[in-house]
Amino acid sequence: MNIKKLTATVVAGLTLATVTFSATGVSANSYTVKSGDSLWKIANEKNISIDELKSLNKLSSDVIQTNQTLQLSKTDATYTVKTGDSIWKIATKKQVTEQNLKSWNNLSTDIIFPGQVLKLTGSDVPVAQEAAPKATEAAPQATTPKATEAAPQATTPKAEQTTPKVEKTAPTTPAAAPKAEQAAPKAAAPKVEASNNSASGRQITVQATAYDAVSLGGRTASGHLVTSTSEKVIAVDPSVIPLGSTVYIPGYGTAVARDTGGAIQGNIIDLNMSTAEAVQWGRQTVTVTVK
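Here, residues in each chain are numbered from 1, in the same order as that chain's written sequence. Only residues with pLDDT of 70 or above have their local features reported here, since the model is predicted, and side-chain atom pairs are shown and tallied only from 80 upward, although totals for entire chains, interfaces and linings are computed over all residues. Calculated side-chain values reflect all of the structure's heavy atoms, with hydrogen atoms and water omitted.

Here a strand is any run of E in DSSP of at least two residues, a helix any run of H or I of at least four, and the numbering for each starts at the N terminus. Broken down by element type, the chain carries nine helices and ten strands. With 291 residues in all, the chain has 28% of them scored as buried. Every residue pair with non-hydrogen atoms within 4.5 Å of one another is taken to be in contact. Restricting to contacts in the chain with at least 6 residues of sequence separation, those with at least 24 account for 63%. In these tables, accessible area is a Shrake-Rupley quantity obtained with a 1.4 Å probe, and a residue counts as shielded only by the protein chains included in the view. Roughly 18100 Å² of accessible area belongs to the chain as shown, and the carbon and sulfur atoms make up 58% of that amount. Each residue's exposure class comes from its accessible area (1.4 Å probe, protein chains only) as a fraction of the maximum for that residue type: buried when under 20%, exposed when over 50%, partly exposed otherwise.

This next bit is on the pattern of salt bridges. By definition here, a salt bridge exists when the distance from a side-chain nitrogen of Lys or Arg to a carboxyl oxygen of Asp or Glu is within 4 Å. Evaluation of the coordinates by the stated rule reveals three salt bridges. In this structure, Asp 37 engages Lys 41 in a salt bridge whose closest nitrogen and oxygen atoms are separated by 3.7 Å. The shortest N-O distance in the salt bridge between Lys 54 and Asp 62 comes to 3.2 Å.

Quick look at the nonpolar core now. Ranked by size, the top nonpolar core spans 20 residues in total, and within it Ile 234, Ile 241, Ile 249, Tyr 252, Ile 269, Leu 271 and Val 288 carry the most contacts. Contributions of two or more residues to this core are made by strand E5 (202-211), strand E7 (246-249), strand E8 (253-259), strand E9 (268-272), helix H9 (275-281) and strand E10 (284-290). In terms of residues, this core owes the most to one element, E5, which gives four residues. We call a set of buried Ala, Val, Leu, Ile, Met, Phe, Trp, Tyr and Cys residues a nonpolar core when their side-chain atoms join them within 4.5 Å. Membership of the second largest hydrophobic core comes to eleven residues, among which are Tyr 31, Leu 53, Leu 59 and Leu 72.

Let us now look at the pairing of E8. For E8, the tally of buried residues reaches six of seven residues, placing the bulk of the element in the interior. Pairing geometry for strand E6 (residues 233-235) and E8, over three bridges, is parallel. Bridge pairing in E8 links Val 233 to Val 256. Examined bridge by bridge, E7 and E8 share four bridges and lie antiparallel to one another. The residue bridging Tyr 248 from the neighbouring strand is Thr 254, located in E8. Here a strand pair is declared whenever DSSP counts at least two bridges between the two strands.

Let us look at unusual backbone geometry. We note that Lys 58 has phi near 55°; this positive angle belongs to a residue other than glycine. Relative to the helices and strands, Lys 58 resides in the loop between helix H3 (50-56) and strand E2 (69-71). Overall, the relative accessible area of 78% leaves Lys 58 in the exposed class. You will see that Asn 106, though not glycine, has its phi angle at about 55°, which is positive.

On to the sheet that holds E8, then. A barrel is described by the order of its strands in space; here six strands give the closed sequence E5-E9-E6-E8-E7-E10, paired in mixed fashion. Across the sheet, the mean angle separating the axes of adjacent strands is 45° when strand polarity is ignored. With seven bridges connecting them, E5 and E10 associate as antiparallel partners. From the neighbouring strand, Thr 205 faces E10, where its bridge partner is Thr 287. Angles run from 0 to 180 degrees between N-to-C directions of axes, and those axes are lines fitted to C-alpha atoms, restricted for helices to the stretch in contact.

What follows deals with the packing of aromatic side chains. Two aromatic rings, drawn from Phe, Tyr or Trp (for Trp, its six-membered ring), form a pair once their centres lie within 6.5 Å of each other, and the interplanar angle then sorts them: stacked below 30 degrees, edge-to-face above 60, tilted otherwise. On inspection of all chains with the given rule, the structure shows zero aromatic pairs. Working rule: Lys NZ or Arg CZ, within 6 Å of ring centre, within 35 degrees of ring normal, means a charge sits over the ring. The aromatic ring of Tyr 252 is capped on one face by Lys 232, whose charged end is 4.2 Å from the ring centroid.

Further remarks concern the environment of Gly 251. Looking at where Gly 251 falls in the secondary structure, it is placed in the loop between E7 and E8. A sequence separation of 30 residues divides Gly 251 from Trp 281, and the C-alpha atoms of the two residues are 9.7 Å apart.

By the secondary structure assignment, Asn 272 is in strand E9. According to the relative accessible area criterion, Asn 272 is buried, its value standing at 1%. Polar contacts, as counted here, are pairs of nitrogen or oxygen atoms within 3.5 Å of one another; within protein the pair requires one atom able to donate a hydrogen and one able to accept it, and residues that are adjacent in sequence qualify only if both atoms are side-chain atoms. Within polar-contact distance, the side chain of Asn 272 engages the backbone oxygen of Glu 231 at 2.9 Å.

Attention now goes to helix H4 (residues 87-94). Taken as a whole, H4 has its buried residues at Ile 87, Ile 90 and Ala 91. Buried residues in H4, looked at end-on, bunch into an arc of 100°, giving them a common side. Along its buried surface, H4 packs onto strand E3 (78-80), helix H5 (98-104) and strand E4 (117-119). Looking one or two residues past H4, Gln 95 carries a phi angle of roughly 55°, positive in sign. Relevant arc is that of directions from the helix axis to the C-beta atoms, nothing else.

This is the structure in structure tokens:
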């Protein structure tokens, strides 16, 4: 009699453990329909589209039943980063939010590398927290133009102060200067621009290639959305040129480092331009100024 009771107790315990384990495993990727639920309500609460919810559960209509178990995600638990990938591209492809993807993988920035393995599941970040980074991203964009505008203003007075000293020391020189300006008035503008951009900052010699950021989706590794091939945006190796830096490139102009890439390693940069312009640009060795 005691043996039977012991056997029954062990079996009951194992059954309870199995049920508990199963419930825990299912809760992360599934949902049990409750009274009053609808596909729209469930999709909205679980941050998944109605079409994806129907596809995962092979539903041909929006009709669901109470106590019905719905799958909320695919069986894929990880993703290996490929060349050209970004947080935005992976989040869009796997139908998760960028904030959740970064939270699940303990990422404090949008920088990822080819071969890196990312988790595709975990605890969702509350909606209130997802709104905060958007405001944070707007701040650097507002700050960057102010810093850029301030630089020419600081440089201009120095150039004006230097000119009178030269005129006092060599009074005969101004007579020659107008002749040079009349002989080549068009050449004077590029020289002034080059001087303004290279007057301050760190100079680096790099290999410059080009790409069409808009045709690749427009979203950069830093989260910035490129909407035009004329926008001065470049991809860099963050260990050489930090993201957010203002960089002057001869023949291209002043750009902002906002993107990365699997092939952008070391002293290599990639310039955003149209496909036709990228082919014409090819690969050039240039000395850039990083501010």
